[in-house]
Amino acid sequence: MPSSTADRPARNKRTGMPRQNNTRQILDAAEKVFAAHGLSGTRMSDIAEASNLPKANIHYYFRTKEDLYRATLQQLLEDWLGDATRWLSADRSPREGLEGFIRSKMEFSRLRPEASRLFAHELLSGGHYVHGFLTGTLRRHVEHRREVFEQWHAAGLIGSVDPTHFLFCLWAMTQAYADMQVQMAAVLGKSRLGAKDFETGSQTIMQLATSILSDPVDLSVKKTR
């Protein structure tokens, strides 16, 4: 008996999940491989091996290496922007928003350093594959965040600061813990940064960032009961 129309959404959902899972698995592996070897130094077989999937599966979802590279960048950029949309919102107080944003960005640098390095490498190479994102999506995103800072300032919650350049500084400080981790670890006499280093970094950046608040506090001084 032919399946009814009502059965189709459930079947489509069942068949769609493996595709979604496989795509994410491929993109997560590609993120690490592209970050380590760059676009020119990466082979599709390298990504197949890293994702533990047959090479034919990689080509099934992504026709060319360039298609996969673009999709990998798109995924990490969507994840990266999501943190700002969530935290830098007029519905939150500046303190809550800045702390949440800084911590999420530092967690991104700690857990996905390859993603940050891949993006940095693409920019240093001229940003050909992300140019449309930079001039379109990112520019609109920053404009929306600028409006949030202006609302906070109008409400007397923060002092006068250029929102765009303030965001540039936050990006630089948090992403440095991924991009420059080797340098930082060497200065600290370690092979790599640990969770305590990221927490100290988070608190330090928050001390600097919250200086624009109308009621800044020293976050290095922990309150005791």
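Before reading on, note that the structure itself is shown above.
Starting from 1, residues in each chain are numbered consecutively following that chain's sequence as written. The model is predicted, so local features are restricted to residues of pLDDT at least 70 and side-chain atom pairs to those at 80 or more, both for listing and for counting; the totals for chains, interfaces and linings are taken over all residues. The side-chain figures draw on all heavy atoms in the structure; neither hydrogens nor water molecules are used.

**Structural notes on unusual backbone geometry**
At step 1: Positive phi is not limited to glycine here, since N52 has a value of about 60 degrees.
At step 2: With respect to the helices, strands and loops of the structure, N52 is situated in the loop between helix 2 (44–51) and helix 3 (55–61).
At step 3: Relative accessible area serves as the criterion here: at 67%, N52 is assigned to the exposed category. Under the DSSP-based scheme used, a helix requires at least four consecutive residues in state H or I and a strand at least two consecutive residues in state E, with every element numbered from the N terminus. Relative accessibility decides the category of a residue: with a 1.4 Å probe and only protein chains considered, values under 20% of the type maximum give buried, values over 50% give exposed, and everything between is partly exposed.

**Some points on the layout of surface pockets**
At step 1: For the largest pocket, the calculated volume is near 160 Å³.
At step 2: Here a cavity is any set of points on a 1 Å grid over the protein atoms alone where a 1.4 Å probe fits but cannot get out, and a pocket is any open set with protein on both sides within 12 Å along at least 5 of 7 lines; a residue lines the site when it has an atom within 4 Å of a point. In terms of lining residues, the largest pocket is bounded by W80, F119, A120, L123, L134, L138, F168, W171, A172, Q175 and D179.
At step 3: For the lining of the largest pocket, the elements supplying multiple residues, two or more each, are helix 6 (113–124), helix 7 (131–154) and helix 8 (163–179).
At step 4: Of the residues forming the lining of the largest pocket, the biggest block, five residues, is contributed by helix 8. Grid points are joined across faces, edges and corners, and a volume is the space filled by probe spheres set on the points.

**Considering empty space enclosed by the protein**
At step 1: Summed over the entire model, instances satisfying the criterion amount to one cavity of 30 Å³ or more.
At step 2: The computed volume of the largest cavity comes to approximately 50 Å³.
At step 3: When contributions to the lining of the largest cavity are tallied by element, the ones reaching two or more residues are helix 4 (65–87), helix 5 (94–111) and helix 6.
At step 4: By the convention adopted, Pro, Cys, Tyr, Trp, Phe, Met, Ile, Leu, Val and Ala count as nonpolar, Lys, Arg, Asp and Glu as charged, and the other residues, Gly among them, as polar. Class assignment for the residues of the lining of the largest cavity results in five nonpolar, three polar and one charged.

**Quick look at helix 7**
At step 1: Any helix carries an expected span of 1.5 Å times its number of residues minus one. For helix 7, spanning 24 residues, the distance from its first C-alpha to its last is 33 Å, which sits close to the expected 34 Å at 1.5 Å a residue.
At step 2: At L138, helix 7 shows its largest kink, close to 35 degrees.
At step 3: Those residues of helix 7 that fall on the buried side of the exposure criterion are F133, G136, L138, H141, V142, R145, V148, F149 and W152.
At step 4: Residue contacts follow a heavy-atom distance rule, with two residues in contact if any of their heavy atoms lie within 4.5 Å. Packed against the buried residues of helix 7 are helix 4, helix 5 and helix 8. The reported bend at a residue is simply the angle between two axes, fitted to the 7 residues ending at it and to the 7 residues beginning with it.

**Topic: the environment of R43**
At step 1: Relative to the helices and strands, R43 resides in the loop between helix 1 (7–37) and helix 2.
At step 2: On a C-alpha basis, the gap between R43 and K65 in space is 7.5 Å, while along the polypeptide they are 22 residues apart.

**Remarks on the packing of aromatic side chains**
At step 1: Only centres within 6.5 Å qualify two rings of Phe, Tyr or Trp (six-membered ring in Trp) as a pair; their planes then separate them into stacked at under 30 degrees, edge-to-face at over 60, and tilted for everything else. Counted under the stated rule, the structure contains nine aromatic pairs.
At step 2: On the numbers, 5.3 Å between centres and 55 degrees between planes, the contact of W80 with W171 is tilted. Remark: W171 occurs in helix 8 and W80 occurs in helix 4; sequence separation between them is 91 residues.
At step 3: Residue W80 is classed as buried on the basis of its relative accessible area, which comes to 6%.
At step 4: With a centroid separation of 5.3 Å and 70 degrees between ring planes, the pair formed by F149 and W152 is classed as edge-to-face. Here the residue F149 and the residue W152 both occupy positions in helix 7, the gap between them amounting to three residues, near one helical turn.
At step 5: Overall, F149 belongs to the buried group, its relative accessible area being 1%.

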